[in-house]
Structure formats: C-alpha cells, structure tokens
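Coordinates in review
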Amino acid sequence: MQNKTYKINRRQKKLSGWHKYAVIALPYLWMSLFFFVPFLIILKISFAESIDDSVPPYTSLISFDSEDLKLNFSAYLGNYAAIFDDSTYLYSYLKSIKIAFISTLLCLLIGYPMAWAIATSKSSLRNALLMLVIMPSWTSFLIRIYAWMGILKPEGYLNSFLQWLNIIDEPLQLLHTDLAVYIGIVYAYLPFMILPLYTAIVRVDYTIIEAGYDLGCRPAKCFFKLFVPQTYSGIIAGSMLVFIPAVGEYIIPELLGGPGANLIGRTIWDEYFMTRDWPLAAALATIMLLILVVPIVLFYKTQRKEITQGAK
Amino acid sequence: MAEDVKENNAAQAETIVQTVRKYPRCTRSSILKFVFLFFGFMFLYLPIATLIVFSFNESKLVTIWSGFSVKWYFELLSDRQMIDAVLNSLIIAFSSASMSVIIGTLAAIVLVKIGRFKGESMFALFITAPMVLPDVIIGLSMLLLFVAMSNIIGWPEKGMVTIWISMVTLTSAYVTVVVRSRMRELDTSIEEAALDLGAGPIKTFFTIILPSIMPAIVSGWLLAFTLSMDDLVITQFVAGPNSSTLPVLVFSKVRRGLNPEINALATIIVFIVSVCTFVYWLSRVRADRRRKRDMQLALNRKG
Amino acid sequence: MAELLKDNEKVTGSEKTAVNKNREPVKKVRRPLLEIKNITKKYGENVAVDNVDLTIYEGEIFALLGSSGCGKSTLLRMIAGFENPTSGSIILDGEDIIGVPPYKRHLNMMFQSYALFPHMTVAQNIAFGLKQEKLPKKVIEERVNQMLKLVHMEEYVNRKPHQLSGGQRQRVALARSLAKQPKLLLLDEPMGALDKKLREQMRLELVNIIESVGVTCIMVTHDQEEAMTMAERIAIMNRGEFIQVGSPRQIYENPNCCFAAEFIGSVNMFESTLVTSGPEVGSVIRCKDLEHDIHLDIDVDLDDGMEVTVAIRPEKIYLEKTSPVDENGQPLKDNYTTGVVTEIAYMGDISIYHVKLNSGKVVISTLPNVDRFNKGLPTWDDKVFLSWDPESCVTLTF
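Being a predicted model, the structure only gives us computed values, none of them experimental.

Quick notes on the pairing of strand β14 (residues 307–312) of chain C
Residues and elements named next belong to chain C. Bridging between strand β11 (residues 268–278) and β14 involves 6 bridges; their strand directions are antiparallel. Bridge pairing in β14 links T273 to E307. Pairing of β14 with strand β20 (residues 394–396) involves 3 bridges; the strand directions are antiparallel. Across the sheet, residue T309 finds its bridge partner in β20, namely L396.

Here you go:
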C-alpha cells in the first residue's frame, strides 16, 4: 500500500436555491404533520376532560359561546392532579424506571464482555459474530418473548431441567414475576447494547494500554483506568438505547410480567384501550416524555460528539 | 477512494491489534473470550432453538415432547386468518419501506448537504426522535392525530393507510440514520468533480451520489421492512378492525397461552431470516475477496 | 581539474544557484487569461483570503505555495466555483465568472484525492465530462482514446479506480480533467496522494503532459520543491495574503521579506543595524553576532540607524580554516567572522555545517562533499572563518 497522506475533503458542499427547498419540503412536511403535530395533540388532549360515550371521548379546550360571541379557553388540570394523587400511577412510573435501570445495568454486564470478545477476535470472524448478535433482532420481537414463556412456565423447559437435575422438587414460579420481565428486557435489548459498545471498543487505541503496561500499571487497573474510559461513548449510547424503550415497554410486562407489574407503558395502554380515558392516557404519556427528556438529550449529545469526532 | 483510506486505517488498526495480541496468546484472555461468547450466544439462541424443536412436537402441549410431527405447519398454512395477516404485513412492510427510503434519503441529504436553515435543529430532532421514543407514545400520538384528522377532514379511516403512515414515520428515522452515515463518509470531491466536469446538481445527484449511497439505501430499505414487519404496539393503536397484521394476530393468540402454531410460524420466520442473512453474508464475503484481488492487481502492476 | 575545483569552491556550493545568478527569466509577452481582482473570502470572522490580486498568463504553470490553512485551497476553490468570494472579481478570458456555477465554467480541476468516480471504469470516468456537453458518441470515443494515449493508460480502459495504483489513478484524473480541453487547469495538491518516490518521478511527467497540451495551469501545493520544479511562477501565501509572487529563482535569490526567505530553502538571518549607506560607500551593516561588519557594494537606500535583517543562504557562506582573502590575495577587512564547528550532518551530496559564533549564534553552511574528501576541510571543533560575497546578502526590513 502506498502512503496516503491526503485528507478527505470533509467540507460538505451546501445546496442552495430552489433545489434546497424542494429537497427539504417532503421530509419536513411529513415529519411535522405526522410527528410534531401529534405531540401537540397529546399535550392538548391531556388538558381535556374525559366524557364517556362520545366520539371522541373528551372535551375540547376551546369552545365558542354563541351568546357572548366569545371564545372560551379552558384547560383542565384534573388529569395531572389525578396522576399525582393516585399512588398507583406514581408507583408504576417508579417501577418502570427501576426495572429499566436494572435491566440496562444487566445488559451492560452481559454486553460489555461480549462486545469486547467480538471486538478483539480475528477480523475475519468479527463480522460473522456481529451478524450473529444482530440476527435474532431481525426475527420477530414478539416471538422471541413468546419463547421465554415456554421456558419460564411452571411446567416449562427450565423448571423441567432443574427438576431433572434434582436441584428443585417443586416447580419455581418464574413466569409472571419481575425476574421474567428482567430476563425478557435483557434478552430483547442485548443487541442494542452490544453494537454501540462494539463500535467503541474496536476504536480503542491499544498503544495507550501498552503505555499503561509500560508505566507499570496492572492489567485489571489498566482495564478500568485506561480501557473503559475510551469506551464511554459506547456505554452511554448503548445504555440509552436500552433504557429509553425499556421505560415504555409494553409487550414484555404484558406477556412475562405478573398482574402487579403495571409498568407505565402497560398503564397507558390500559387507560386507552380498557378504561377509554384518553385524556388521562395523554397526560400519562406527556409525563413519561418529560421523564425521558434527560436520557434522550444525553443520547443525542453522545451521538453528536461521535459524529464530530468521526469527521476529524 | 475514501474506502482506501478506511482500508488503510483498518489495516493499521489490525496490525496494532495483532501486536497487542501477541503476548496474551492462547492464554487466560482467549479462554475468557470463548466463555463470554459461548454463554452469550447460548443466551441469545437457546430460546429460539426451543421454539424450533417444539414446532415439530406432536402434542398440543407445547412443552412436553410426544413425538415428531409436522402437522402444526399444515395447520398454520391452512389458517386463513394467519395468511391474511401475513399478506397485510407484507403489503404494509413493502410499501412503507419504499416510502421511508424516499423520505429518509431526502432527509439525509438535508442533514448532510444543506447548511443552516430555519428550523434546522428542529428538523434533525424530528427526523430521528421516532427511533428513541417508546412505541406506546408514538402509537398514542399517531392515533390521536388520526382521530383529530378524521374529525376535521374525514380522512383517514383507521386501517391499512394509518398503519402505513405510522410505519413510514417510524422507519424513515432509521433510514435517515443509515443513509446519513454513508453520505458523511463520501469523499465530497467526487461530487465536486462531477460539477467541475459540467454536470448540473440534479444530474450529479443521479449519476454520482445516488450510485454511491445505493448500498446504504438498500440496507435502509431492508431495515425499514423488518421493522414494519415486526411492529406491534404502534400498529395496535392505529389499526382498524379489518387490518390485522401478523404481529397483532400473533399477540392475540400468544396472550391466550402457548400455541404450537406459533412455534411453527417462528420456525419459518427464523428460517427465512437466516437464509437471507446467509445470502447477504456470502455476497459480502465474495465482494470482499474480489476487492482484495483487485487491490493485488493494482499493486502488482504499479506505474 | 584542481583549477576547476578551486573555482567551484570560491563561487559556492550548489551549482544550480551559482550559474547565471543574476539573469532574469525571459519575459514573454503573453495574454492574460485569468485576472483576479481584490478577492476576499471570509468565513464569519475568519478571513481566509484577504484582498488578493493575481494575473495568470496564457500557457503558464503557476503555483500557489503555502502551509495548510493559508488560504491557497480556498482561492483555488473560488476559481473553480466551489466557494463564492465575499468580494472581488474573477475574470476568465474576459468573462466575469463570479456567480457562474462550477458546471458552467470553462475550467477543470484535478482533485487532491483524484475524486475518480468509484462505480465507473477509466473510460467512463474520462468520458463523463464530454457526455455532459452532449457530444456525439464517436467524438467522445475518439477524445477518450486520445486522452488515454496522452497519459499512457490505453491498456487500463476497463479497469475501475480501485483496481489502479496511485500513479495510475493520478493519470486518469489528469486525463479526465484535460478531456474537455479546458481553458484553465486547476491542480489541487497534485502529488498529495502519492508516496515520496513516485512523487518525484511524476512531477516531470505531469509537467511534460501539461506542456504538450499547452494548457494554462494553476496548482496548489505545500511542497516547495514541487512548486519550484513544476511552476514557472510561484505565489507564496500566508494568512490569506500573497507574500511574494515571482519565478522560483527570484523568490529564492531575492526574497522580499523574512517570511519568504525562511519559507523557501534554509537561510541564516542576522538581525543588525544599518550604520551608513550611500552611493559611494555602499552600505555598512553591523550585527552584534558578527565580529566584522557586513559591507555591501550597493546603496540599500534606507535611513541610517535602521534595524534590518540580513539573510544569507547557507551555500553562500564559505568555510575556511585559514583567514579569508579577496581576489587579489589581500586579507578581507569585513564580510567575515569566526566560529567553531559544532555539528556536521552528512547528506550524501553535501554536508551541512553548524558553526557556533562567539556570540553563541549558530550559523549554517553547506559544502559539497567532493571538497571535503579531496582537501582536508574543517571537522568537529575546528576554528573556522566564515565569509561571504557582498552580493550574497539580502537586506530585509520586515
């Protein structure tokens, strides 16, 4: 190979003129209409009152008074008040956050060694291993969770196996417990943890570790003081990719969790489909969004940093 | 040419990694690596393996083996409801992947090629946010929009169209990210060279840029396809009574407990995905080998 | 032979600069092709190109030389049309091309990375520009063949860029940018992507091809050797401004400021004071580092007592173990000093001597090695006399 010392021209050519607006128009309009406006509607409905047996089942905020010829604007705070009054809602927020947090930690504990093992294996093997990590997520999410139902059932494979080993006499109650929810989340989201970690670990500058060895640093210390800090961006990105969807997860607690596992995703779902209290569901979603703002911003920041670093 | 630089960097990284790896050869670390990978992949694949094995079980009780049989496959294939759901899913996945490729590619162009404009940071947020937000929120917000819209303009009705719109909104975020990263890697002087040689911006896009980002567009399409094929939560919110997709149907069955038909379905899905993955993998290995041979060719006849 | 060597020793080390020292390059009357007037480019607060004027004549090879970030690439990209100047005008062949998009300008550029289209073959790459003009197929084919022949790449027509070596890619890129027969060819770091050995070989080949076509050419480079071997005229740029524009010889022999002197080649700089100057006495300059005055034959036409810098190239400083004499055998009264050899770097063709003066300043001098081994020339720790011809000194005021 020859020495390639030239730099790639990274200065992006900017579009201008009518081309620019033509290109912006479609995605911008689409996303405004189908993504931004819905959020405004959620916000709006969260301030409306629920009424039964009407379509749609909520009051409108703006009403026109034909006698006074005045527009009346009324915001109803009752939904938010109800959420803060009723401990079951607060409980389900807290429980969602707790379960998402612990699952994220577990994912990191399992994902980091795997990502490390893949990133440091032979380059011919690496892509195949990565493919193996991603492949389950190309099959159906639902079916993968379903698989765990069969494993964790009282008469399921795991209990039969443990009984066969004579470790337990009576089948354990595994399905419909928090443990099952943890297993489900970790299982479903592990690939999203491994991929960013892999990207970060592959980029680790090994001369820094060598310098550490050279200066008399023990391997374990080297790992935590020199290796892990180089992969922070991957850790944050992976953790956010697990944490954010886990907070709002619906399918896993519904199929694997117990009746008490009323996580917020499931609560919103039930408020909408069972109780048909749309304003309350909207208010619950708004608060969930507010909770997720911090991790989402964190995620975007690391991504942005990644991009600017990559461009250097 | 950008690829060459990458190639070079990769080669350098490779040598560095190799020199580092020289001293802990076949020692604790390689055993450790094997252990991590072995248990990791056991965790990822054992559940899938149980699904496959028990899809050939004769008994209706999924967890107890009573003999080999393929009767659940026949049952599955004669399930009219299931076939309809699969068709619905395929139609939605195909059409929404195609649309989101257009929107996502345009959005990637906007993000990479257009400098500051009014609402630029808003745009960047919009376009990628569906990727990180929980499905429940997206589903609920889409639904409320559709309800509001049909109250005002009488359109759309809950059904295939609403699912399609929601899926496009969700998956164009992914397409944008995939295409954007490929466009960022492109050596912009290629584009400038085309302009310099007299091709106008539109012609340059179609003759130079589009062929270069085509691989990313294809993988974006595939990603969008699998995502919409797989979505349950958002679809459940916006689906109408006659537009049940595969995940919606499976969910309603699974809720009622284990069902050997689902095992058969899972086996078919896993089979299709692994065949596709294998073909894709093979084509990449081939392309890789060809590239290496070409590079050898270039080096041998230097001048 | 001995006579000759003696002469050589007396004149200077490097023959290249010694021969025809004061001859100006022949000035041909040429038509200006490109005129750049008061061009300025600002990126927000940063001024990338600061009010630059430049005229390029038909048929010449012109080099913009400077370190990275000096504005040379920005200037080139403004000529090509990839950047719009903040103010000023660019006139190509009588036509103001500001605001004309790059695809409508009659000039072509060879990119630093060559920017070959990866999904097209060599022939398709070369034909791309011609196809944009909607020329008949036959004409395109003919021109492509002609270009392939010009760059000796006939056998690689159907290769794709990644199947070519660096040198081959460069030739394809050159053929592609020449195919449209542009009025002006722009080269952005033409050798930037090649390794060192290939670079030297390709320099002359590139010049030969360009001259055989007769196209006017502006190149951007950070490599002074490249600029000097390839270009007829060079502009040295720094911080968005032209420091000096001239032929390689002019810039090397008569730099107009300290920056230009130090930028090209190596040089010894003596910070000194002008004692007196006049038509009869010439100029007497005193430097605290030197034991004797610098005495020039010419009148520098500056105020007495002014601070000046005297620049002397290393190859123009004579190194002798005996005290220096003039042509008549009389000992020199000025234009010399003494010092001790502290370092000798053997470079093959020449050796570089570092001589420490009494003041502690280190002066660099080069001697051809042919002398070093024929005569017992100075070695480490020798006390030596350093002397120079008055005409070797360049007096600089900033």
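Quick notes on the sheet that holds strand β19 (residues 383–387) of chain C
All names here are of chain C. Strand order in this open sheet of 5 strands is β15-β19-β16-β17-β18, and the pairing throughout is antiparallel. The sheet terminates laterally at β15 (318–320) and β18 (362–368), the two strands that pair on one side only. Averaged over all neighbouring strand pairs, the angle between strand axes comes to 45 degrees, with direction disregarded. For strand β17 (residues 350–357) and β18, the ladder comprises 7 bridges, and the chain directions are antiparallel.

Thoughts on the confidence of the model for chain B
Considering every residue of chain B, the mean pLDDT works out to 84; 89% of them sit at 70 or more. Low pLDDT, under 50, characterises residues 1–24 of chain B; the stretch is placed with 23 contacts to residues that sit more than four places away or in other chains.

Digging into the environment of A:K122
Assignment of secondary structure puts A:K122 in the loop between α3 (87–119) and α4 (123–138). Distance in space between the C-alpha atoms of A:K122 and A:L108 is 23 Å, their sequence separation being 14 residues.

Topic: the domain arrangement of chain C
All names here are of chain C. When its domains are assigned, chain C resolves into domain 1 (32–260) and domain 2 (269–396). Here the C-alpha centre of domain 2 lies 41 Å away from the C-alpha centre of domain 1. Every contact between the two is made by 4 residues of domain 1 and, on the other side, 5 residues of domain 2. Partitioned by chemical class, the residues of the side of domain 1 that touches domain 2 number 3 nonpolar, 1 polar and no charged.

Thresholds, definitions, all that
Residues numbered from 1 in each chain as written. Chains lettered and ligands numbered in written order. Predicted model: local features only at pLDDT ≥ 70, side-chain atom pairs only at ≥ 80, totals over all residues. Pairing = 2+ DSSP bridges. Helix = DSSP H or I, 4+ residues; strand = E, 2+ residues; numbered from the N terminus. Axes fitted to C-alpha atoms, helices over the stretch in contact; angles between N-to-C directions. pLDDT = per-residue confidence, 0-100. Contact = placed C-beta atoms within 7 Å. Domains from an automatic or database assignment. Nonpolar A, V, L, I, M, F, W, Y, C, P; charged D, E, K, R; others polar.

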